[in-house]
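The residues making up each chain are set out below.
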Amino acid sequence: MPPAAPVLSVPPFTLEVAGRPLARVPGVQLQPGEVLHLCGPNGAGKTTLLRVLAGERPDLGCEVRVLGCAPGSRGARKGTAWVPTDAALPDDLTVAEGLTFLAALWSRPVTPLLALADALGLTGWLDAWPTKLSRGTRQKVALSGALGLGCALTLLDEPFGTLDAASRAALRTAIRARAQAGGALVVTTHGEELAGLPVQTLKLEPA
Ligand SMILES: Nc1ncnc2c1ncn2[C@@H]1O[C@H](COP(=O)(O)OP(=O)(O)OP(=O)(O)O)[C@@H](O)[C@H]1O
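Conventions and cut-offs
Residues numbered from 1 in each chain as written. Predicted model: local features only at pLDDT ≥ 70, side-chain atom pairs only at ≥ 80, totals over all residues. Heavy atoms only, no water. Helix = DSSP H or I, 4+ residues; strand = E, 2+ residues; numbered from the N terminus. Contact = heavy atoms within 4.5 Å. Near = heavy atom within 4 Å. Polar contact = N/O pair within 3.5 Å; in protein donor to acceptor, adjacent residues only side chain to side chain. Areas by Shrake-Rupley, 256 points an atom, 1.4 Å probe, with all protein chains shown as cover. Pairing = 2+ DSSP bridges. Salt bridge = Lys/Arg side-chain N within 4 Å of Asp/Glu carboxyl O. Buried < 20%, exposed > 50% of the residue type's maximum accessible area, 1.4 Å probe, protein only.

Give a description of the side chain of threonine 48 that names residues and reports values.
With respect to the helices and strands, the residue threonine 48 is situated in helix α1 (residues 46-53). Ignoring anything within four residues of it in the chain, the contact list for threonine 48 reads Leu15, Val17, Arg57 and Leu60.

Rendered as structure tokens:
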């Protein structure tokens, strides 16, 4: 049997946006259970690269592969969870209903999503409407959902940015647990939250 494709395969390339070179991207491969810290200065292209991996920027023509497939293809999307900094929540469902709906959509049990919500301090917010939540609380709901799905690849853009200290620690624990369970993750942060975890680093340099 041929070996399984890496969860993520990025050849070295120059990321071009609007026809202009933005960043040099070193090549990297990510296997199950590995965490990639995507870093670089403001404007280096981290969010743009995450959007490429999530399948939202096919226009940029990047030759990356997710689970052996083109990002955005069915094969890639069914194994990818993605949390942008402005993750949308279904505003007509409570937090608990939204997580239950998400789990059902992915044919997953809801228990891990609710356990993460609890770990991130959302227990008192389960009956709340997303429109009533603060930015950090909304982010915690999105993170609970994405990490609880147990996808092969989880993409997190600045997930620590809006969180308080206790929630940052809980998220760090959740990232470690996802990796230990065999998930691969790509995480952007300007902070030190991933220090001490076994991570690879991919640093974007201005082109
Ligand atoms: N569709 C687009 N058209 C023009 N420019 C774009 C487009 N998409 C992204 N850019 C530009 O690409 C650059 C990189 O932005 P990006 O948000 O990826 O950087 P970043 O590394 O995530 O930055 P930060 O650390 O500040 O979050 C920015 O200058 C942005 O304006």
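Before we move on, could you go through the site of the ligand and cite the residues and values that matter?
The immediate surroundings of the ligand are formed by 13 residues, with Gly43, Lys46, Thr47, Thr48 and His190 found nearest. Contact between the ligand and glycine 45: an oxygen atom at 2.9 Å from a main-chain N or O atom of the residue. One nitrogen or oxygen atom from the side chain of arginine 57 is found 3.3 Å from a nitrogen atom belonging to the ligand. Expressed as a share of its isolated accessible area of 650 Å², the protein-covered part of the ligand is 56%. With 3 residues, the top contributor of residues to the shell around the ligand is α1.

Any details on the sheet that holds strand β1 (residues 8-10)? Residues and values, ideally.
Judged by pairing direction, the sheet is antiparallel, and its 3 strands sit side by side in the order β4-β1-β6 without closing on themselves. Two strands in the sheet have a free side with no partner beyond their single neighbour: β4 (28-30) and β6 (65-66). Sheet topology places β1 next to β4; 3 bridges connect them, and they run antiparallel. Bridge pairing in β4 places valine 10 opposite valine 28.

For the pattern of salt bridges, give the residues involved together with the corresponding values.
In the structure shown here, the tally under the stated rule is 4 salt bridges. The closest approach of N and O atoms between glutamate 56 and arginine 51, which form a salt bridge, is 2.4 Å. Classification of glutamate 56 as partly exposed rests on a relative accessible area of 37%. Residue aspartate 164 pairs with lysine 140 through a salt bridge whose shortest N-O separation is 3.9 Å. With aspartate 164 in the loop between β8 (153-157) and α6 (165-180) and lysine 140 in helix α5 (residues 135-148), the pair connects residues that are 24 residues apart, well separated along the chain. Residue aspartate 164 is classed as partly exposed on the basis of its relative accessible area, which comes to 42%. We classify lysine 140 as buried; its relative accessible area is 10%.

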